[in-house]
Amino acid sequence: MADQRISPAALASPFIPNLWDLLALVFILLSLVLIVWGAHVTNAPLSALDATPISLAPAHLADYALRTTLRMLLAIVFSLLFTFIYATVAAKSPRAERVMIPVLDILQSVPILGFLTFTVVFFLNLFPGRVLGAELASVFAIFTSQAWNMAFSMFQSLKNIPQDLDEAAASFHLTPWQRFWRLEVPFATPGLVWNTMMSMSGGWFFVVASEAITVGNTSITLPGLGSYVALAIEKRNLAAILYAVGTMLAVIVAYDQLLFRPIVAWADKFRFEQTASENVPHSWMLDLFRQTRALRALSLRLGTLARGASKWPVRLPSLPKLRFELPFSTRQIDLVWNGLVLALALAAMAAIYAYLAPTISSAEVGHAFMLGLYTLARVAVLMVLATIIWVPVGVWIGLRPRVAERLQPLVQFLAAFPANIAFPVFVVLIVRYHLSPNVWLSPLMILGTQWYILFNVIAGASAFPTDLREAARSFHFRGWRWWLKVMLPGIFPYYVTGAITASGGCWNAALVAEVASWGSTKLTAAGLGSYIAEASSAGDFQKVVLGIAIMSLMVTMINRALWRPLYKFSERRLTM
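Residues numbered from 1 in each chain as written. Predicted model: local features only at pLDDT ≥ 70, side-chain atom pairs only at ≥ 80, totals over all residues. Heavy atoms only, no water.

(A) Summary view of the pairing of strand β4 (residues 521–524). Sheet topology note: the strand β3 (residues 515–518)/β4 ladder contains four bridges and is antiparallel. Directly across from Trp-518, in β4, lies its bridge partner Thr-521. Linking two consecutive strands that pair antiparallel, namely β3 and β4, is a turn of two residues; a positive phi of about 65 degrees is found at Gly-519 within it. (Pairing = 2+ DSSP bridges. Helix = DSSP H or I, 4+ residues; strand = E, 2+ residues; numbered from the N terminus.)

(B) Here's a closer look at helix α7 (residues 131–159). Taking 1.5 Å per residue, 29 residues should reach 42 Å; α7 reaches 42 Å between its end C-alpha atoms and fits that length. If you look at α7, its biggest bend is around 35 degrees, right at Thr-144. (Expected span 1.5 Å × (residues − 1). Bend = angle between axes of the 7 residues up to and from the residue.)

(C) Local environment of the environment of Leu-468. Here Leu-468 is to be found in helix α22 (residues 466–474). Given the relative accessible area of 36%, Leu-468 is considered partly exposed. (Buried < 20%, exposed > 50% of the residue type's maximum accessible area, 1.4 Å probe, protein only.)

(D) Structural detail: the nonpolar core. Within the largest apolar cluster, 147 residues are counted, with the highest numbers of intra-cluster contacts made by Phe-82, Met-154, Trp-204, Trp-451, Ile-453, Tyr-495 and Leu-528. Per-element tally for this core: the top contributor is helix α23 (residues 479–513), with 18 residues. Each of domain 2 (54–272) and domain 3 (333–573) gives at least three residues to this core. Ile-453 has contacts with Met-383, Ala-386, Thr-387, Trp-390, Val-391, Tyr-495, Gly-498, Ala-499 and Ala-502, leaving out every residue within four places of it along the chain. (Core = buried A, V, L, I, M, F, W, Y, C linked by side-chain atoms within 4.5 Å. Domains from an automatic or database assignment. Contact = heavy atoms within 4.5 Å.)

(E) Representation of the packing of helix α17 (residues 401–416) against helix α21 (residues 450–463) in the model. α21 packs onto α17 with a crossing angle of 155 degrees between their chain directions and a minimal axis gap of 9 Å. Accordingly, the angle class assigned to the pair α17 and α21 is roughly antiparallel. Remark: the crossing between α17 and α21 carries left-handed chirality. Taken together, the residues of α21 that come into contact with α17 (itself represented by Val-411, Gln-412, Leu-414 and Ala-415) are Trp-451, Leu-454 and Phe-455. (Axes fitted to C-alpha atoms, helices over the stretch in contact; angles between N-to-C directions. Parallel < 35°, antiparallel > 145°, perpendicular 65-115°, else oblique. Left-handed = near helix turned anticlockwise from the far one by under 90°.)

(F) Local environment of the packing of helix α16 (residues 362–398) against helix α24 (residues 528–538). Running from N to C, α16 and α24 cross one another at 125 degrees; their axes reach a closest spacing of 7 Å. Of the possible angle classes, the one that applies to α16 and α24 is oblique. Here Glu-364, His-367, Ala-368, Leu-371, Gly-372 and Thr-375 of α16 come into contact with α24, specifically with Leu-528, Gly-529 and Tyr-531. Of the residues contributing to the contact of α16 with α24, the split by class is four nonpolar, four polar and one charged. (Nonpolar A, V, L, I, M, F, W, Y, C, P; charged D, E, K, R; others polar.)

(G) Structural context of the layout of surface pockets. Each pocket or cavity is described by its volume, and for the second largest pocket that value is around 1300 Å³. Lining the second largest pocket are 35 residues, and of these Ile-106, Ala-345, Met-349, Ile-352 and Ala-549 lie nearest its centre. Looking at the lining of the second largest pocket, the elements with two or more residues in it are α5 (94–109), α6 (112–126), α15 (330–356), α16 and α25 (541–573). Broken down by element, the residue count for the lining of the second largest pocket peaks at eleven residues, all from α15. For the lining of the second largest pocket, the per-class residue count stands at 29 nonpolar, four polar and two charged. Among the domains, domain 2 (54–272) and domain 3 (333–573) are the pair contributing at least three residues each to the lining of the second largest pocket. (1 Å grid on protein atoms, 1.4 Å probe; cavity = no way out; pocket = protein on both sides within 12 Å on 5 of 7 lines; lining within 4 Å. Points joined across faces, edges and corners; volume = space filled by probe spheres on them.)

(H) Geometry of the side chain of Ser-530. Along the chain, Ser-530 falls in helix α24. Under the relative-accessibility criterion, Ser-530 is labelled buried at 5%. In terms of polar contacts, Ser-530 uses its side chain to reach the backbone carbonyl oxygen of Gly-527, at 2.9 Å. Not counting residues within four places of it along the chain, the set of residues in contact with Ser-530 comprises Ala-510, Glu-514, Val-515, Thr-524 and Ala-525. (Polar contact = N/O pair within 3.5 Å; in protein donor to acceptor, adjacent residues only side chain to side chain.)

(I) The arrangement of the packing of aromatic side chains in detail. On inspection of all chains with the given rule, the structure shows 17 aromatic pairs. An angle of 50 degrees between the planes, with centres 4.9 Å apart, marks the rings of Trp-390 and Trp-451 as tilted. Taken together, the positions of Trp-390 in helix α16 and Trp-451 in helix α21 put the pair 61 residues apart, joining distant regions of the chain. As far as the burial class goes, Trp-390 and Trp-451 line up, both buried. Ring plane angle 80 degrees and centroid distance 5.3 Å describe the contact between Trp-482 and Trp-483, whose orientation is recorded as edge-to-face. The class for Trp-483 is partly exposed, based on a relative accessible area of 23%. (Phe/Tyr/Trp six-rings, centres within 6.5 Å; stacked < 30°, edge-to-face > 60°.)

(J) Region of the structure containing helix α9 (residues 176–205). The terminal C-alpha atoms of α9, which comprises 30 residues, lie only 38 Å apart, well short of the 44 Å expected from a rise of 1.5 Å per residue. Along α9, the sharpest kink reaches roughly 50 degrees, centred on Thr-189 and followed within four residues by the proline Pro-190. By the criterion of burial, α9 is predominantly enclosed, with 26 of the 30 residues buried.

(K) Representation of the confidence of the model for the chain within the structure. Considering every residue of the chain, the mean pLDDT works out to 80; 87% of them sit at 70 or more. Here residues 316–324 is a poorly scored stretch, pLDDT under 50, and it has zero contacts once near neighbours within four places are set aside; other chains count. (pLDDT = per-residue confidence, 0-100.)

(L) A look at the pattern of salt bridges. Following the criterion strictly, the structure yields nine salt bridges and no others. Among the salt bridges present, the one from Lys-159 reaches Glu-97, with a minimum N-O distance of 3.3 Å. Within this pair, whereas Lys-159 is found in helix α7, its partner Glu-97 is found in helix α5, the two being separated by 62 residues in sequence. The salt bridge involving Glu-184 is made with Arg-179; its shortest N-O contact spans 2.8 Å. Each member of the pair, Glu-184 together with Arg-179, is buried. (Salt bridge = Lys/Arg side-chain N within 4 Å of Asp/Glu carboxyl O.)

(M) Structural context of unusual backbone geometry. Of note, His-173 is a non-glycine position whose phi angle comes to about 55 degrees, a positive value. Checked against the element boundaries, His-173 lands in the loop between α8 (163–171) and α9. Positive phi is not limited to glycine here, since His-476 has a value of about 60 degrees. Examined against the element boundaries, His-476 turns out to sit in the loop between α22 and α23.

What follows is the structure, given as structure tokens:
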């Protein structure tokens, strides 16, 4: 890590800028100009979208890439706010956890098209006749592909804080505010940073659906890389798809170098270590800002204010001390709470039934459920294959920060690679060799979601304490013994978090993967994803609700029966 000491000359004149200040100022001003421009174009009338349709000319790619990136960054900001609030409340309150985590399971299983089907009209009516309404609908769709993974990561970290750190916070009598900013957020930061990168890349997987929106008679196309790819697929323009892939790679490398790599290098100081790490991540951008004089002096003062704010002994207002005893035990209160939750769930099921009963027959429900079993079989096979392949790779990368630095942009690019871009290859091969779409479209489901496992395993291996690795080395743990006794227990909570998100994301990706088209050629695999996608395109809201309800039910049951018990086991037995 770069030397953070300040030279005597800098101390003597801290606010006199040097050459590094000027270079850093260029980056800051350029970022502000792009953000202001992006905000300006959202205020245009909605008719402007029809006046300037999407063009496949490569000259427009820079503009499209910028607008897509701004949408994704705004969605990441909202996702972080959601994560800090939602995950913290769920981790702090056992009663809230019993409701909020199943809700999160359901939310991550609801397909993006499901959200768009019922939110596009809302956002358009919120800002009638303005592009801003469509932009917010797109940002919300991208948010739904990012937030759940980050919330699960934060929740997992808060539930697995080491006992010695917990006891230290209690011995210093930290208030909840101080504990959150001085212990919980720093401990969760390394894993959250990696999951934020994964969420940013995962958002690209659904960017086509979020920018080229078609729900019944409502069709909106926002300028962006997603809508560019959708038009290229419709026109069977392979050259345009290659241009889009190249532009995506350039954008991912840019925000990796300018945003995520500096954050990874900065967040390395929050690793739970008792000994020095063998390798530390570096960032030329972070080093540039550390060599500035005026900006560094300003950041030191802002940092002092931030540290003071995190130490502020915020407490809830004192309430009058009322001396009375509730005539109920804690167990009875829990029973009442569980009863209320069950009543709300039954009320929701009754509302869904009342909505579907007039038009949906029992045969249709059985047909949709059978399609759900087809998709479940695909998800199960793909999850097993992804685990076997990416857990060893993730551990190898996570234990080598220098390797992680070099592979980080490549992994982000692979994670960001939308399934739609692979449609030409899959469609052509399936048609030419008369292959079964039910089998050979399946890999598209895992194309963008397997990386949740890889990123979380990398985060777990990166956060694995060096002193424990040295202890394992001194006790001569090697081979399978090292995996079973040392590394797998250490990364297991991270793996479960990634597997939960990857499993839910795989169901979500079924909408994109089970219906593949290349020009006029369209292939469909039997499954719940294609059922929802076709119903959404036809504007059949009853079938959309039925498909989403069955998908949410299946994902929730799998999480309750498999992933949650594994998560509780890791929390109870494998916390360091």
